[in-house]
Every structure is written in C-alpha cells, then in structure tokens.
Amino acid sequence: MNGEAALRRLRKPLVEFLDLDRGVFFAVSDDAAFLAGFEDLLLKGLLLPRERVRTARDGADFFRQVRLPFFADKRLLLVVERRLAGSDARELVRQARAFLDTCRVLVRTARVDREVLTLLHEEGVDNFVAQGAGDAALLEKMAATVRPAGKLGQILDQARSLAGRGRHEEALRLADKALELKPGSATALVLRGDALRGLARPEEAREAYVAAAGAAPMFLEPLKRLAELYREQGDRPRRLECLARLDALSPMNVRRKVELGALLLATGERERAVECFDAAVARVTEEAMGLIEEVRLSIADACLERDPALAERYYRSVIEARKEGFRRSDVAVFNRLGLALRRQGHWAEAVAEYKKALQVAPGDENLHFNVAVALAEGGEGASAAATLDWVLAKNPGFGQDSDALSYQMGAILVAAGRPAEARARLEHALALSPGHEAARTLLGAL
C-alpha cells in the first residue's frame, strides 16, 4: 500500500463488511504465493481477525470449508482465479452462487477485454481484478465489491430475494418502488418482469423485459429473460432472435452457442446450426480444453432426435479423441453413437461400435442388449435372439420395469420367429404402458 492514509481508507469498507454483513474474505487459488500474500495483506496489513480470512487451493477444499456450521450465517466475498489447475472456474462460481446466494464474487483474470468481462458478469461475477495487480488495486476492488448498496440497491436486493422465495406480489411492489426512485432502471424493470412472470402475467412480463432491453442495450439479463419466456410460450422465431443477440453481445458463452445451434437445427437451418456448434467447440478448445468433451456431447445430444447424422459426427469426435484408449466411462458415448447410427439405418456399424465398447465392459447387459436390438433391426433375428438369451440368462429380470425394453424384447423375439415369448413381452409392455401403440400394433400382427 502507498501510505497509512490509503490503508485506513480501504480498511473501513472491508471492516464494515465484516461487522454489518458478518462477512468473510475467502480466496481460492492454486497460486500459493498469491494465497500467502492475500493472508498477509488482510491479517497483518489490515489487522483483520483470522477466522474471517480463509483460503483454499481448489473447489473441493472451498466447499468442504463453507459447509461447516461457522459459515451458516456468514456472507462471503469470494476471490477466485479465473482458471484453476488449468480449467475455467466458472462452474465453481455457479456452484458457489447457488450454495451461498448472498456470496459476492471477485475474479482474478489475466484477460480484461470486453468479451471476457461480459462473460464473467453473465456467469454471476460481481467484479474483477487483473492478475498481478498490486495490493492497493486488489483492496480497491474488494472494497468496491462489498461496499453497501444505496437505498435503490437495497430495495432491489430485497425484491430479488422475495422473488426468489416466490413472494411475487411483494417483489412487484418493491420493483415499482425502485422505478419511482429511478425511472427506467433496467435492473428494476427486469425484477418487475420476474415478479409478473411469477404471477402468471406473461405479456406484462414481456413488456417489462423489452423496456429493460431498450433502456440498457448492453445489459444481458432482459434478453436472457425474454429468451426463457419465448421458450415457455413456444415462440421459436423471437427466442431465436434473442439468442442471436445474446451471442453477439457475449460470444464466449459456449452453452448458449449449443442452445442456439439446437434451435437453428430444429427450425431447419442446418448450415447455421453447424456453424454454431463448431464455434462452440472452437471456443472451448481455445478457452478450456477440459470442457471440450462436455460441449461435444451436449451438441450431439441436441442433434440426436432431429439429425442423427450430425449427432454421429460429434459422438465420433469424442471417441476419436481417446488417444490413450477407451475407458469404462465411454460406454455411454458408444451407446448414444450406436443409437445415432441405428436411426440412420446403419445397424451393422452400430453393432461394430457396441462391440468396441464391450472391449472395456464385456459384461455390460445394456451393451449386449443394444447389440441384440441392432441385429434385429438388420434382419439378423436368430443372432439377435441368441444375444438376448445371453442377457436374460445373466439377469432374468432385465427390463421388467420398462415398457420400452419389454417392447424391444418382443420385437427381437418376433424377428426370431418365437411368437409365444414375443406375445408375453408385448403384453407386459402394454401392462406397464397401456398407451404404447407400437407394442399394441406388433401384438395385433402376431
């Protein structure tokens, strides 16, 4: 710090946070030097009490600590690295905000360009500080992040809390009170829309969100709320417009790119959808390699119903990335890849993929059953039934509580020329689900 006066000035709001908000300063970093400096600055420089200054090397240690009874009535300022152990810390931020709804978040980041800052704010970050910033800059950012809100901020915080507890009438009154204090406040308009939406007044909520978006064109929350509202109303064109505007404002949000791609695919714009999906993968590759598999799988799952060929492409990209060999956890990916192939009529390729998975999970009943289904779809009834017999010998109760599996077993047995056994399986499927029309049709054909 530069001078005792500056130290005293910055100490005041931090001490008020401890006293008035029962605050705790908590740093999470894999940089041991930063954690040591953080503790020295607050404990020795500002003379804050030891129990109100905490540190952790990773997210697991952080959550282990905050679950202790000491934290039950505390409010945290979480100072966290944007990247922990090479991975993006946004998931930690989301979980921290969900577990501790009054938590305030200050992120240390190497990049401070607009796209990064927009993404951080969208993910629930209150403030940021550049890595390598000096003690004075860090304390300035901490003080700004915990400084008590004025009257308008207090009303908005209370309205937000009431809406979160389902007390929408009270939240609406407070949102209107906030608008009297600051007409045109985008935040107040969003909260007004939230309250109206909770009161099942969607058109009035839409008007509030539209007004908020007009009042603050760079504010993402109104557009996010509108996209959610249009999804609930089944209004694809306007939802698509909102998602596209959000993607332009915050292009680093990978999950939204996947959502936008899925919507484009559903509306028949396959080429634009593929551009979104590829941009999502490229962004993850650039920003956080650890998330790339998750993104590819979410894209594939989004495509599976409407475009199994496109789903196949992304499932295969996950499998092909396994340079070190397949793992037991890959079985689920092989199962979904096989389904994508079967939906294209490529049953032999599906069998080949299932058999690759059987190399790491030879006793997996579901894999063997999927092989049987694919064989039956390819007209290999005898082989399908033999595989099914193996499954049932291992587990006689397999599929007993599932109408879908019971129907598939019936279809396999029909293909194998075993009508009596098929009838029993199909009747069981109908007993579980009387509206299962495929089972009823197949049963009627026996």
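Structural data are supplied above this passage.
A short tour of the structure in this document, coming up. Predicted model only: the values in this text are computed from it and were never measured. (Residues numbered from 1 in each chain as written. Predicted model: local features only at pLDDT ≥ 70, side-chain atom pairs only at ≥ 80, totals over all residues. Heavy atoms only, no water.)

**Re the overall build of the protein**
Thought 1: The helix and strand tally for the protein stands at 23 helices and seven strands.
Thought 2: Of all 446 residues assigned to the protein, the portion counted as buried reaches 48%.
Thought 3: Nonlocal contacts in the protein, meaning residues at least 24 apart in sequence, comprise 57% of its contacts between residues at least 6 apart.
Thought 4: Here the protein displays about 20,800 Å² of accessible surface, and carbon together with sulfur accounts for 52% of that area.
Thought 5: In the protein, the 67 positive side-chain charges and the 66 negative ones have mean positions that sit 4 Å from each other. (Helix = DSSP H or I, 4+ residues; strand = E, 2+ residues; numbered from the N terminus. Buried < 20%, exposed > 50% of the residue type's maximum accessible area, 1.4 Å probe, protein only. Contact = heavy atoms within 4.5 Å. Areas by Shrake-Rupley, 256 points an atom, 1.4 Å probe, with all protein chains shown as cover. Lys, Arg positive; Asp, Glu negative; His and termini not counted. Charge placed at Lys NZ, Arg CZ, Asp CG, Glu CD.)

**With respect to the nonpolar core**
Thought 1: With 87 residues, the main nonpolar core has Phe277, Ile299, Tyr315 and Ile412 as its most contacted residues.
Thought 2: Looking at this core, the element that brings in the most residues is helix H19 (residues 365-377), giving eight residues.
Thought 3: Not counting chain neighbours up to four residues away, the residues in contact with phenylalanine 277 comprise Val258, Gly261, Ala262, Ile299, Cys303, Leu310 and Tyr314.
Thought 4: Core analysis: the second largest hydrophobic core is formed by 24 residues, Val15, Ala27, Leu35 and Leu106 among them. (Core = buried A, V, L, I, M, F, W, Y, C linked by side-chain atoms within 4.5 Å.)

**Digging into the state of the cysteines**
Disulfide: a covalent bond formed between the sulfur atoms of two cysteine residues.
Thought 1: Considering all chains together, one arrives at zero disulfides under this definition.
Thought 2: Not engaged in a disulfide, the cysteine cysteine 303 finds its nearest cysteine sulfur in cysteine 276; these two sulfurs lie 11 Å apart.
Thought 3: Relative accessible area serves as the criterion here: at 0%, cysteine 303 is assigned to the buried category. (Disulfide = S-S within 2.5 Å.)

**Regarding the pairing of strand S6 (residues 104-109)**
Thought 1: Among the six residues that make up S6, six are buried, leaving the element largely enclosed by the rest of the structure.
Thought 2: In S6, alternate side chains face the same way, and those of Arg104, Leu106 and Arg108 on one face and Val105, Val107 and Thr109 on the other are all buried.
Thought 3: Examined bridge by bridge, strand S3 (residues 75-81) and S6 share five bridges and lie parallel to one another. Residue pairing across strands places valine 79 opposite leucine 106, the latter belonging to S6. (Pairing = 2+ DSSP bridges.)

**A closer look at helix H22 (residues 419-432)**
Thought 1: The end-to-end C-alpha separation of H22 is 20 Å, in line with the 20 Å expected for 14 residues at 1.5 Å each.
Thought 2: Every buried residue of H22 is accounted for by Ala422, Arg425, Leu426, Ala429 and Leu430. Considered in projection along H22, the buried side chains sweep an arc of 140° and stay on one side of the axis. In H22, those exposed residues whose orientation departs by more than 90 degrees from the buried face are Ala420 and Ala431.
Thought 3: Here the buried face of H22 lies against helix H20 (381-394), helix H21 (403-415) and helix H23 (437-445). (Expected span 1.5 Å × (residues − 1). Arc of directions from axis to C-beta.)

**With respect to the side chain of glutamine 65**
Thought 1: Mapped onto the elements, glutamine 65 comes out in helix H3 (residues 59-66).
Thought 2: A relative accessible area of 9% places glutamine 65 in the buried class.

**Considerations on the environment of threonine 118**
Thought 1: Within the element layout of this structure, threonine 118 appears in helix H5 (residues 114-122).
Thought 2: Here threonine 118 falls in the buried class, since its relative accessible area comes to 16%.
Thought 3: Residues threonine 118 and phenylalanine 219, spaced 101 residues apart in sequence, show a C-alpha to C-alpha distance of 9.4 Å.
Thought 4: Contact partners of threonine 118, with chain neighbours within four places excluded, come to Leu220, Leu249 and Ser250.

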